[in-house]
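The chain contents come next:
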Amino acid sequence: MVRKEDTVRLISAEGYEFVIEREAALVSNTLKNMLTSTGSFTETQLGEVRFPEISAPILEKVCQYFYWSLQFASGKETEFHIDPEMTLELMMAANYLHT
Amino acid sequence: MTMNREREVIELEQGWAVMQKGITKLKNLLEGVPEQQFNSKEYIMFYKTIYKMCTQKPLQDYSQQLYDRYRESFEEYINSTVLPALREKHDEFMLRELVMRWDNHKIMVRWLSRFFNYLDRYFIARKSLPALGEVGLMCFRDLVYAEMKTNVKDAVITLIDREREGEQIDRALLKSVLGIFVEIGMGNMDVYETDFEGFMLQDTAAYYSHKAASWIEEDSCPDYMLKAEECLKREKERVGHYLHASSEQKLLEKVQHELLTKYENHLLEKEHSGCDALLRDDKVEDLSRMYRLFCRISRGLEPVAAIFRQHVTDEGIMLVKQAADAASSNKGEKKDSVGAQEQAFVCNVNELHDKCLLYVSECFLNDSLFHEALKEAFCNISEELLVTVFDLLKKGGSVKLSDEAIEDTSEKVGELLAYIGDQDLFAKLWRIDGDTLASSLTSSSNEGVPQHSSLQQLRDESDPSIVVALMGTTTTEDFFTRVTTLGRGSGKDSQLESHE
């Protein structure tokens, strides 16, 4: 069971909330900066980040990518499937999130 | 479901107004004005604004302007707020203000570079510009540091001198200030060394030069040395408390130079308290301190060793003279006492030797330089010594010496002969007085026992080849011949010949 403190909530444009592990979120440099700053960001306490620009399916794919990347880093080889229609938006989101 | 690609284009001024709000809020937080801390929504908004402005079509790609305005934000803040605040303060207050402003600055850089982070990723790489973090640092360096550095340096050095005089100062503050020097260097120590260390070393040298000049006149050698040791200890602590570790070596060298190197000879030769006096008065602790202090300077121990050698030689020769005088004055009296006289003499010399050896091992920590000095001194004495011993034996030869007396004496002489490491010297002395020694050894009524024990001693302590030659004797005449042949021989070869 994942503890509450180890999770982060990513909220898409429509308001969908994706709950993922903190470790997964840190794959994104942007999120990493935000969550690990030594100043006092309120979201380090709330663990919640909003993305009014990113739609739910994209955000969902992004979350999947985080987990896939963690798996890949540990050596297992898996394929990450991307729908061609999604590619452009996905790339833009990735750029935004510095992933 | 596709995203709306028709995003609104953000104009420069529009976007900048958003950023400006963030910057102002940050400044307020630093100045202590009550404000909410940043939350994620604001962060995302700033980040997004920059992101958008940089990814818009080329005409509206405001990357360059944003980069410039980023730097200008710092400059404006520094010029309007930071510098005036610093200028109006002095000395220690100025230092505190500086440390606070520096810490604030670092926070500001961190936040703004996070907001403007997108620039860091692509724009600066494309144009090979310094990163945002560096830009921020450089602003501080060029505007604040450049103007303040001389004052800061002077203030720090003044505080250090005050501490030397015994005042309590705020060490944590100094440590922070010196930390700034190091950080401004951005990776290397040049800034610290040129803008601070050089001046600090100069000031240290001047300070100690002044102190030394007055101490050397007023204080005795041991007192001066105590003070010197104390100063060195405190300076080393100073490095531990707030100076940068790289300064330690240079600082200690400066202090040593001013206190010790310059005045070494003056110190050692102080009439009533210099090295010689300390040896005379058996001041073990002071001598140890002397060794500890002077072994730090290159070639610092040589003068000390020279004085030590001289002292030992003088003492030895004095003993020799004493014994010789006593013997000649006793000549007319009871001849029995002559034997005791020479025994006492040899005893004294041995005592001297033991005492000096103790000095070398305890005070001088078995330093080879001092072993050498001791050896040389005894070499010098030994020549005198042997001449006198032979003389005494000659004089005593007309009296029947007891077996134990001879044995004792020969034993001691054997020990001292160990000092004559030089084969030639030994041979030479044998040549001069070998006859005498041989005749005195053999003139005693007993041939067997005393000879052997003294020869045993000789065997243990000196060159085996000589003794082997000597041991081969059976009769007195034989012994005599061998000894004289040995003496007249010029080296090992001839000894081997005579042995065969």
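Here the structure is a predicted model, which is why all the values come from computation and not from measurement.

A.B. asks: Please give an account of the pairing of strand β1 (residues 7–11) of chain A that cites residues and values.
C.D. replies: In regular strands, side chains alternate between the two faces of the sheet. All names here are of chain A. The sheet contact formed by β1 and strand β2 (residues 17–21) spans five bridges and is antiparallel. Across the sheet, valine 8 pairs through a bridge with isoleucine 20, a residue of β2. Where β1 folds back on β2, the antiparallel hairpin that results is connected by five residues, among which glycine 15 adopts a positive phi of roughly 105°. Sheet analysis places β1 next to strand β3 (residues 48–50), joined by three bridges and oriented parallel. The residue of β3 that forms the bridge with arginine 9 is glutamate 48.

A.B. asks: Describe the packing of helix α1 (residues 12–31) of chain B against helix α3 (residues 63–87) of chain B, with residues and values.
C.D. replies: Residue and element names in this part refer to chain B. Running from N to C, α1 and α3 point in directions that differ by 35°, and their axes come no closer than 12 Å. Read as a crossing pair, α1 and α3 show a hand that is right-handed. Here α1 contributes Leu12, Glu13, Trp16, Ile23, Lys27, Leu30 and Glu31 to the contact with α3, which in turn contributes Gln65, Leu66, Arg69, Tyr70, Ser73, Glu76, Tyr77 and Thr81. Residues belonging to the contact of α1 with α3 are distributed by class as follows: seven nonpolar, three polar and five charged.

A.B. asks: With reference to specific residues and values, describe the confidence of the model for chain B.
C.D. replies: All names here are of chain B. Summary statistics for chain B give a mean pLDDT of 75 and a share of 71% for residues scoring 70 or more. Contacts for the low-pLDDT stretch residues 397–402, under 50 throughout, to residues beyond four places or in other chains number six contacts. The model gives residues 431–437 a pLDDT under 50, and that stretch makes 17 contacts with residues more than four places away or in other chains. Taken over the whole predicted complex, pTM reads 0.71, whereas the ipTM for its chain interfaces reads 0.74.

A.B. asks: Kindly report on helix α5 (residues 117–127) of chain B, identifying the contributing residues and their values.
C.D. replies: Among the residues making up α5(B), those that are buried are B:Asn117, B:Tyr118, B:Leu119, B:Arg121, B:Phe123 and B:Ile124. Once α5(B) finishes, B:Ser128 follows within two positions and takes phi at roughly 50°, a positive value.

A.B. asks: I'd like to hear about the sheet that holds β1(A), residue by residue, with values.
C.D. replies: Residues and elements named next belong to chain A. Spatially, three strands are ordered β2-β1-β3 in an open sheet, and the strand pairing comes out mixed. The open sheet has two edge strands with one neighbour each: β2 and β3. Put simply, the sheet's adjacent strands are angled 25° from each other on average, direction ignored. Strands β1 and β2 of the sheet are contacted by helix α4 (residues 56–73), whose axis makes an angle of about 5° with β2.

A.B. asks: Any chance you could break down the nonpolar core for me, citing the residues and the numbers?
C.D. replies: In terms of nonpolar packing, the biggest core is built from 95 residues, with A:Leu10, A:Phe51, B:Phe116, B:Phe196 and B:Leu243 touching the most fellow members. It is helix α6 (residues 132–164) of chain B that contributes the most residues to this core, 14 residues altogether. A domain-level breakdown of this core finds at least three residues from each of domain 1 (12–184) and domain 2 (190–273) of chain B. With residues up to four places along the chain from it excluded, the contact list for A:Leu10 reads A:Tyr16, A:Glu17, A:Phe18, A:Ile20, A:Leu31, A:Val49, A:Phe51, A:Leu59, A:Cys63 and A:Phe66. One finds B:Tyr291, B:Ala305, B:Val312 and B:Cys363 within the second-largest nonpolar core, a separate group that totals 50 residues.

A.B. asks: Tell me what's going on with the environment of A:Leu31, and back it up with residues and numbers.
C.D. replies: Residues and elements named next belong to chain A. Within the fold, leucine 31 resides in helix α2 (residues 29–36). The sequence separation of leucine 31 and histidine 98 amounts to 67 residues, and the corresponding C-alpha distance is 8.5 Å. If we skip the residues at most four places from it in the chain, leucine 31 touches Leu10, Ala25, Val49, Phe51, Phe66 and Leu97.

What counts, and at which threshold
Each residue is numbered by its place in its chain's sequence as written, counting from 1. Throughout, the order in which chains and ligands are written sets their labels, letters from A for the former and numbers from 1 for the latter. In keeping with the predicted nature of the model, local features appear solely for residues at pLDDT of at least 70, side-chain atom pairs appear and are counted solely at 80 or more, and the whole-chain, interface and lining totals rest on all residues. Only hydrogens and water are set aside when side-chain values are computed; all heavy atoms of the structure are taken into account. In this scheme, strands are said to pair when DSSP sees at least two bridges between them. Only runs of H or I of at least four residues qualify as helices and only runs of E of at least two qualify as strands under DSSP, and these elements are numbered from the N terminus. Between the N-to-C directions of two axes lies an angle of 0 to 180 degrees, each axis being a line fitted to C-alpha atoms and, for a helix, fitted only over the stretch in contact. What makes a crossing left-handed is the near helix being turned counterclockwise from the far one by less than a right angle; a clockwise turn instead makes it right-handed. Here, residues are in contact when the closest pair of their heavy atoms is within 4.5 Å. Residues were grouped as follows: Ala, Val, Leu, Ile, Met, Phe, Trp, Tyr, Cys and Pro as nonpolar; Asp, Glu, Lys and Arg as charged; and all remaining residues, including Gly, as polar. The predictor reports its confidence for every residue as pLDDT, a score running from 0 up to 100. Summary of the burial criterion: residues with accessible area below 20% of their type's maximum are buried, those above 50% are exposed, and those between are partly exposed, where the area comes from a 1.4 Å probe applied to protein chains only. Each nonpolar core is a collection of buried residues, namely Ala, Val, Leu, Ile, Met, Phe, Trp, Tyr and Cys, held together in the definition by side-chain atoms within 4.5 Å. Delimitation of the domains relies on an automatic or database domain assignment.

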